[in-house]
Amino acid sequence: MAKVPVQFRLNGSDRAAFADPADNLLTVLRRGLNDFGPKYGCGQGTCGTCSVLIDGELRLACLTLAASCEGASIETVSGMADGPSLHPLQNAFMEHFAAQCGFCTPGMLTAAKALLDRNPNPGREDVIDAIAGNICRCTGYEPIIQAILAAARTLPAQRRS
Amino acid sequence: MPLALRVAQSLSEAAGILAADPRVTLLSGGTLVMRDVNEGRLTDGTLLRVTDPAWRQMQVSGSRIELGAAVTMAAILANRELAFLHAAARAVGGPAIRNMATIGGNLFAGTPYGDFAVALLALDAQVMVLAGYGSARAVPLEEFLAGRARGESRLVAGIQFNRPVAPGDFRFLKVSRVKPKGLSVLSIAAHLPGSGSRIGQARVAYGAMAPLPFRARGVERALEGKALDAAGIAAARAAALEGVQPVTDAIASDWYRREVLPVHLGRLLAERG
Ligand SMILES: Cc1cc2nc3c(=O)[nH]c(=O)nc-3n(C[C@H](O)[C@H](O)[C@H](O)COP(=O)(O)OP(=O)(O)OC[C@H]3O[C@@H](n4cnc5c(N)ncnc54)[C@H](O)[C@@H]3O)c2cc1C
Ligand code: FES
Ligand code: FES
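Residues numbered from 1 in each chain as written. Chains lettered and ligands numbered in written order. Predicted model: local features only at pLDDT ≥ 70, side-chain atom pairs only at ≥ 80, totals over all residues. Heavy atoms only, no water.

What about the domain arrangement of chain A?
All names here are of chain A. For the record, the criterion: An automatic or database domain assignment supplies the start and end points of every domain. Any pair of residues with heavy atoms lying within 4.5 Å of one another is described as a contacting pair. Simply put, the buried area is the total loss of 1.4 Å probe accessible area from both parts when two parts are fitted together. When a carboxyl oxygen of Asp or Glu is within 4 Å of a side-chain nitrogen of Lys or Arg, the pair counts as a salt bridge. Every helix listed is a DSSP run of H or I at least four residues long, and every strand listed is a run of E at least two residues long, numbered separately from the N terminus. In this classification, Asp, Glu, Lys and Arg are treated as charged, Ala, Val, Leu, Ile, Met, Phe, Trp, Tyr, Cys and Pro as nonpolar, and every other residue, Gly included, as polar.
The assigned domain composition of chain A is domain 1 (4-79) and domain 2 (88-160). Placing the centre of domain 1 and that of domain 2 at their C-alpha centroids yields a distance of 21 Å. Listed by partner, the interface residues are 17 residues for domain 1 and 15 residues for domain 2. For the pairing of domain 1 and domain 2, the buried interface totals around 1100 Å² over both sides, and the portion due to carbon and sulfur atoms is 60%. At the surface where domain 1 touches domain 2, the tally comes to 1 salt bridge. Lys113 is the partner of Glu75 in a salt bridge, and the nearest nitrogen-oxygen pair spans 3.1 Å. Contributions of two or more residues to the side of domain 1 that touches domain 2 are made by strand S3 (51-54) and strand S4 (57-60). The element best represented in the side of domain 1 that touches domain 2 is S3, accounting for 3 residues. For the side of domain 1 that touches domain 2, the per-class residue count stands at 7 nonpolar, 7 polar and 3 charged.

What about the site of ligand 1?
To be explicit about the condition: Only a single heavy atom is needed: when it lies within 4 Å of a molecule or strand, its residue is near that molecule or strand. In protein, a polar contact requires one atom able to donate a hydrogen and another able to accept it; more generally it is a pair of N or O atoms within 3.5 Å, and residues adjacent in sequence count only if both atoms are side-chain atoms.
If you check the shell around ligand 1, you find 34 residues, and the closest are Leu26, Gly29, Thr31, Thr102 and Asp115 of chain B. What surrounds ligand 1 is not a single chain but chains A and B. Note that an oxygen atom of ligand 1 is positioned 2.8 Å from one of the backbone N or O atoms of Leu32 of chain B. Between Val156 of chain B and ligand 1, the recorded distance is 2.8 Å, taken from a backbone N or O atom to a nitrogen atom. Those elements giving two or more residues to the shell around ligand 1 turn out to be strand S2 (24-26), helix H2 (33-38), helix H6 (103-106) and strand S8 (155-162) of chain B. Among the residues making up the shell around ligand 1, the classes are represented as 17 nonpolar, 13 polar and 4 charged.

Here we look at helix H2 (residues 88-95) of chain A
Residue and element names in this part refer to chain A. Our working definition: The classification of residues rests on relative accessible area computed with a 1.4 Å probe and restricted to protein chains. Under 20% of the type maximum is buried, over 50% is exposed, and intermediate values are partly exposed. Note: the arc covers the axis-to-C-beta directions of the helix.
For H2, the set of buried residues is Leu89, Gln90, Ala92 and Phe93. The buried residues of H2 occupy an angular sector of 165° when the element is viewed end-on, so they sit on one face. In H2, those exposed residues whose orientation departs by more than 90 degrees from the buried face are Met94 and Glu95. Turning to H2, the residues buried within the fold contact helix H3 (105-118) and helix H5 (142-154).

A few points about the sheet that holds S2 of chain B
Residue and element names in this part refer to chain B. Convention followed: Two strands are counted as paired when DSSP detects at least two bridges linking them. For helices, the fitted axis covers only the stretch in contact; all axes are lines through C-alpha atoms, and the angles between them, taken along N-to-C directions, range from 0 to 180 degrees.
Across the sheet, 3 strands lie side by side as S1-S3-S2; this open sheet has parallel pairing. Among the strands making up the open sheet, the edge pair consists of strand S1 (4-8) and S2. Neighbouring strand axes in the sheet, compared pairwise and without regard to direction, differ in orientation by 30° on average. Bridging between S2 and strand S3 (residues 46-50) involves 3 bridges; their strand directions are parallel. Bridge pairing links Val24 to Thr46 in S3.

Quick word on the pairing of strand S1 (residues 4-10) of chain A
All names here are of chain A. Pairing of S1 with strand S2 (residues 13-19) involves 7 bridges; the strand directions are antiparallel. Each residue of the ladder has a partner; that of Gln7, found in S2, is Ala16. Between the antiparallel neighbours S1 and S2 lie 2 residues, among them Asn11 with a positive phi of about 45°. Summarising the sheet, S1 and strand S5 (residues 73-75) pair through 2 bridges and their orientation is parallel. Counted as the bridge partner of Leu10 is Ile74 from S5.

Focus: the sheet that holds strand S10 (residues 184-191) of chain B
Residue and element names in this part refer to chain B. The strand order across the open sheet formed by 4 strands is S9-S10-S11-S12, and the pairing between neighbours is antiparallel. Of all the strands in the sheet, the pair left with one neighbour each is strand S9 (170-176) and strand S12 (214-215). Pairing of S9 with S10 involves 7 bridges; the strand directions are antiparallel. If you follow Arg171 over to S10, its bridge partner there is Ala190. Helix-sheet contacts for helix H7 (residues 115-122) involve S9, S10, strand S11 (203-207) and S12, and the interaxial angle to S10 is about 20°.

Overview of the interface of chain A and chain B
Taken together, the 24 residues of chain A in the interface contact 24 residues of chain B. For the pairing of chain A and chain B, the buried interface totals around 2000 Å² over both sides, and the portion due to carbon and sulfur atoms is 65%. Where chain A meets chain B, there are 0 salt bridges. Where chain A packs against chain B, one counts 6 residue pairs in polar contact (both at pLDDT 80 or more). Where the side of chain A that touches chain B is concerned, the elements lending two or more residues are S4 and helix H4 (124-130) of chain A. The biggest single contributor to the side of chain A that touches chain B is S4 of chain A, with 4 residues. When its residues are assigned to classes, the side of chain A that touches chain B shows 12 nonpolar, 8 polar and 4 charged.

Quick word on the packing of H2 of chain A against H5 of chain A
Residues and elements named next belong to chain A. What counts here: The cut-offs work like this: below 35 degrees is roughly parallel, past 145 is roughly antiparallel, 65 to 115 is roughly perpendicular, and the gaps in between are oblique. The handedness criterion is simple: a crossing whose near helix is rotated anticlockwise from the far helix by less than a right angle is left-handed, and one whose near helix is rotated clockwise is right-handed.
Where H2 meets H5, the closest approach of the two axes is 8 Å, and the angle between their N-to-C directions is 135°. When the interaxial angle is binned, H2 and H5 end up oblique. In this structure, H2 meets H5 at a crossing whose hand is right-handed. Residue-level inspection shows Pro88, Leu89, Ala92 and Phe93 of H2 in contact with H5, the latter providing Ile144, Ala147, Ile148, Ala151 and Thr154.

With respect to helix H1 (residues 11-20) of chain B
Listed in full, the buried residues belonging to H1 of chain B are Leu11, Ala14, Ala15, Gly16, Ile17 and Leu18 of chain B. The inward-facing, buried residues of H1 of chain B abut S1, S2, S3, strand S6 (126-130) and S8 of chain B.

Below, the structure is given as structure tokens:
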């Protein structure tokens, strides 16, 4: 079967790959482009650990046809830190023990980023809704919720007004 | 032969491709199709993508609402004119799924999915079907679902329905065990014109109470000309189980679904509109 070329921006750089026609985006990111940030948990849309932002919107990479991402701008957890400086969400996850085994963490951070990008001042219910599609088998969720609320408080004041 | 991929620029081109080859699977939001691909249930044939912007268009300002079939749950939630549909759109999956899942795809989702289709059924929605090249034909949703059950595969271009006159006339409830996101024990949508005084032409639809979303005609009849007072609600509850054939699945047994349906119906009707 002929491969299809796909080009998109990945965490700010232009990238290109050859995909099988029915490949999902997660396969192309991990196997084709060596971005191992998003994880393969279920391939069914249930666990959320493959979450990425496509043109700023939260999506599940395992259920996204790679070929449909032509020309898109994709952000994964691998692009969250700015060089050696972690994103406020990453710092808050460390400080609040929001990662244990860490398998859900890429999806949790990405879903949390999608929330804060739209709503820099979320309440507890907003946070619970935002991570409703992400399963964590370790933490019992509370530390993750606390970390996201704490990260929102550290955002510059003008973003929160 | 592994899966191939085709891209159609227009809806009529897509309808033609679908009509010509039964091994073509249309991809909308992909939340169900890609799952079948990942799990090896869909391994050959052709995936068909459609890039026609008309598929995502929304016409919401007037009393007749027209939505392209590829409108997502998130697009419904972002639109204030569609506030009466927000509970139904929010009932589908988590935030990432809602950014992907389309209203057209929801008409094809097997039970206990199809929560949004239940809301559309209570709105007497018309499905705009393209059966090949040519113009779209309006098919009542109920008839469309019956055709789906017979395995007919046709392109849905869009969905149309009238806006409820008063926002409180339209009500939706999804019962699930896991909150805020979980599979349906059941869902109920009710369009109750005249809910402030006497009801005329009620429409009540259930999800997860039969293999397809279906209209609770017994309840509709019981509510005709009644007020939503204790007597009206008792009459509706007494008719609640007419025609139900719920399944037993990992979420609930058929017995449990029957037991709780009248209770939830009563609560939905008792809500202050
Ligand atoms: C984790 C998870 C949670 C979910 N939770 C819910 C839930 O709570 N409630 C719920 O109702 N659903 C749920 N779903 C199911 C699904 O996401 C929705 O039903 C969604 O609306 C399906 O739309 P789609 O665009 O993704 O469909 P697709 O996967 O693109 O298509 C599904 C089927 O419909 C056909 N099709 C799609 N659009 C058209 C069209 N316009 N014309 C003709 N055929 C078409 C496709 O060929 C395919 O056979 C969930 C799915 C997942 C993975
Ligand atoms: S791997 Fe995509 S949701 Fe689990
Ligand atoms: S930290 Fe292990 S799954 Fe969340």
